[in-house]
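What follows is the residue order along each chain.
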Amino acid sequence: MEYPDTTWVQAAAYLGAAFSVGFGAIGAALGEGYAAGIAAQSIGKNPGESGNILKNMLIGQAVAESAGIFALVVSMLLAFVVPAEAPLISAYCYLGAGLAMGLGAIGSGMGSGFPAAEACRGIADNPPTSGMLTTNMLIGSAICQTPSIFGMVVAFMLMFIDFGQQPLWPGWAAMLGAGCAVGFGAIGSGVGSGIPAGTSTAGIARQPAAVGSIRTNMLIGSAVSQTPSIFGMVVAFMLIFLDWSHVPAWPTWAGLLGAGLSTGLAAIGPGIGNGFTAGEAAAGIARVPDSSGPVTTTMLIAQGVAQSTVIYGFLVSLIMIFMPPTEYDASMTAWATLLSAGLCMGFGGIGPGIGEGMAGAYAVRRIARDMEVNVLITRVMLVGQAVSESTGIYSLIVSLLLLFVV
Amino acid sequence: MAAEIAGTDLVRAAALLGAGIAMGLGAIGPGVGEGFAAGKACEAIGKNPKEAGLLTRTMLVGQAVSESTGIYSLVVALLLIFVV
């Protein structure tokens, strides 16, 4: 098929628009549906507060919707505004933009549903606290939206910056890889930040007097949960803005795509895992406000350990970006090794991140109740997390073998 | 073993891709499962600190069993890279 470049660029723009709104619709709808269900349940429990609960549900759903709106905006821009008269590499930029925004909106939409639901539940159980609950819901949901904003920023860059001076090969892989890095990377952090937002809101309903320490802990825990998506965005920026004209086209393309997948996929696990830990920490402090010291300490330790697999993913990405192949090699083995290393570390980062996060969650939940044994519990948690880390290390080893030994 | 296989380059590439997918996907399950075990052990120790030694040992034995599929994935990945 011999078509001019503009045909392919236009086709890619429409596909990108489809990815953006298609993926982006998933998260917001799930989160809002969950909020609606819990709102109905709450009104059933306390019909007198139905006006207040409905209003709170709509506000919370509006915040969850924002990720979907970003996705719709990017979709409209891709379908109607971006120029088709652009160099061929723009086709991949538009596809990458669709992935970046679409995938990036999934987590944030889902995550924001959780604080909305808990606020409705809290208003039914403890109506005088409704002002504080709405405030906390808004703060927590706003943090939760950050990963989708990262996705939107990268999408706008891909849509509107002229990348004509990047070579088509391997530039196309850099653009797609950037979309994957920020897109996948945002999923975990979006969901992960929603969990402490929700549990802290529930906790404030139960213990309004402790709102200060609960909210502080939520902010710390949520902020740490955001870190994996920041790694994803950093890798996306590196892929987009570094000059690829001095590297051989083949097999570097596989390395760039692999770099995007390595950090992007690996960020899913720690994002969610850190969210579990932060969620239980906020809930524990709500139950026993005096425990905020040991709980926060162990939460940070657990989150730090759970963060490790996204750091391995980032390391593999950095190796593939900054130590690209030096010679042109069109054999199939050459590109398969690079792509395989990216997939291996990417997928391999998911499980340990979630598992270590769960270990931290149960640990801090227990520490809130039994502060005297916090050192013992933390020690056992670290041992358990270390064992859970093992498969993440196997993935790193296999990735490094593929990169350096094969 | 097998007779002349055409396209050995393609076959090797498939093996290498497979190695990465095998280890990557194979790390998901043990990571989540062992983390859950660690968490529940922490909870149990909090409820019953005197039994910390027994509980830790149980956790480690359970995690070792859960690790087994992760080891299978590692072995297959290494086989695909170095042996086939």
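In this text, all values refer to a predicted model and were calculated from it rather than measured experimentally.

Thresholds, definitions, all that
- Residues numbered from 1 in each chain as written.
- Chains lettered and ligands numbered in written order.
- Predicted model: local features only at pLDDT ≥ 70, side-chain atom pairs only at ≥ 80, totals over all residues.
- Helix = DSSP H or I, 4+ residues; strand = E, 2+ residues; numbered from the N terminus.
- Rg over C-alpha atoms; globule rule 2.2 N^0.38 Å.
- Buried ≥ 20, exposed ≤ 12 C-beta atoms within 10 Å, placed from the backbone.
- Contact = placed C-beta atoms within 7 Å.
- pLDDT = per-residue confidence, 0-100.
- Nonpolar A, V, L, I, M, F, W, Y, C, P; charged D, E, K, R; others polar.
- Axes fitted to C-alpha atoms, helices over the stretch in contact; angles between N-to-C directions.
- Parallel < 35°, antiparallel > 145°, perpendicular 65-115°, else oblique.

On a plain count of helices and strands, chain A comes out with 13 helices and zero strands. Reading chain A from its N terminus to its C terminus gives the helix and strand order α-α-α-α-α-α-α-α-α-α-α-α-α. Its C-alpha atoms give chain A a radius of gyration of 22 Å, near enough to 22 Å, the size a compact globule of 406 residues would have. C-alpha extents for chain A along the principal axes are approximately 65 × 50 × 25 Å. Every one of the 406 residues in chain A was classed for burial, and the buried ones make up 67%. In chain A, 92% of the contacts between residues at least 6 apart in sequence involve partners at least 24 apart.

Moving on, we get to the confidence of the model for chain A. In the predicted model, chain A carries a mean pLDDT of 94, and the fraction of residues at 70 or more is 100%. Across chain A, helix α8 (residues 268-287) of chain A holds the top mean pLDDT of 96, while helix α1 (residues 5-45) of chain A sits lowest at 93.

When you line up the elements, A359 of chain A lands in helix α12 (residues 350-369). According to the C-beta neighbour criterion, A359 of chain A is buried, with 35 such atoms within 10 Å. The contacts of A359 of chain A, once residues within four sequence positions are left out, are A302, M381, G384, Q385 and S388 of chain A together with G35, A38, G39 and C42 of chain B.

Another point: the environment of V305 of chain A. Residue and element names in this part refer to chain A. Positionally, V305 belongs in helix α9 (residues 292-306). Given 24 C-beta atoms within a 10 Å radius, V305 is considered buried. Remark: the alpha-carbon pair of V305 and A368, spanning 63 residues in sequence, is separated by 20 Å.

Contacts between chain B and chain A engage 42 residues on the former and 49 residues on the latter. Those elements that provide at least two residues to the side of chain B that touches chain A are α1 (8-26), α2 (28-47) and α3 (52-82) of chain B. Ranked by the residues each element gives to the side of chain B that touches chain A, the list is headed by α2 of chain B, at 18 residues. Residues of the side of chain B that touches chain A, tallied by class, amount to 25 nonpolar, eleven polar and six charged.

So, on to the packing of helix α3 (residues 89-125) of chain A against helix α4 (residues 130-160) of chain A. Packed helices, taken two at a time, are described by the angle between their axes plus the distance between the axes. Residue and element names in this part refer to chain A. Two numbers describe how α3 lies on α4: the axes approach to 7 Å, and their chain directions differ by 175°. Classified by the interaxial angle, the pair formed by α3 and α4 is roughly antiparallel. Taken together, the residues that form the contact of α3 with α4 break down as 21 nonpolar, 14 polar and no charged.

Time to look at the confidence of the model for chain B. When pLDDT is averaged across chain B, the result is 90; 94% of the residues are at 70 or more. Least confident of the elements in chain B is α1 of chain B, whose mean pLDDT is 92; most confident is α3 of chain B, at 94.

All right, on to the environment of S68 of chain B then. Residues and elements named next belong to chain B. On the secondary structure map, S68 appears in helix α3. Judged by the 10 C-beta atoms lying within 10 Å of it, S68 is exposed. Distance from S68 to P30, taken between C-alpha atoms, is 8.1 Å for residues 38 residues apart in sequence.

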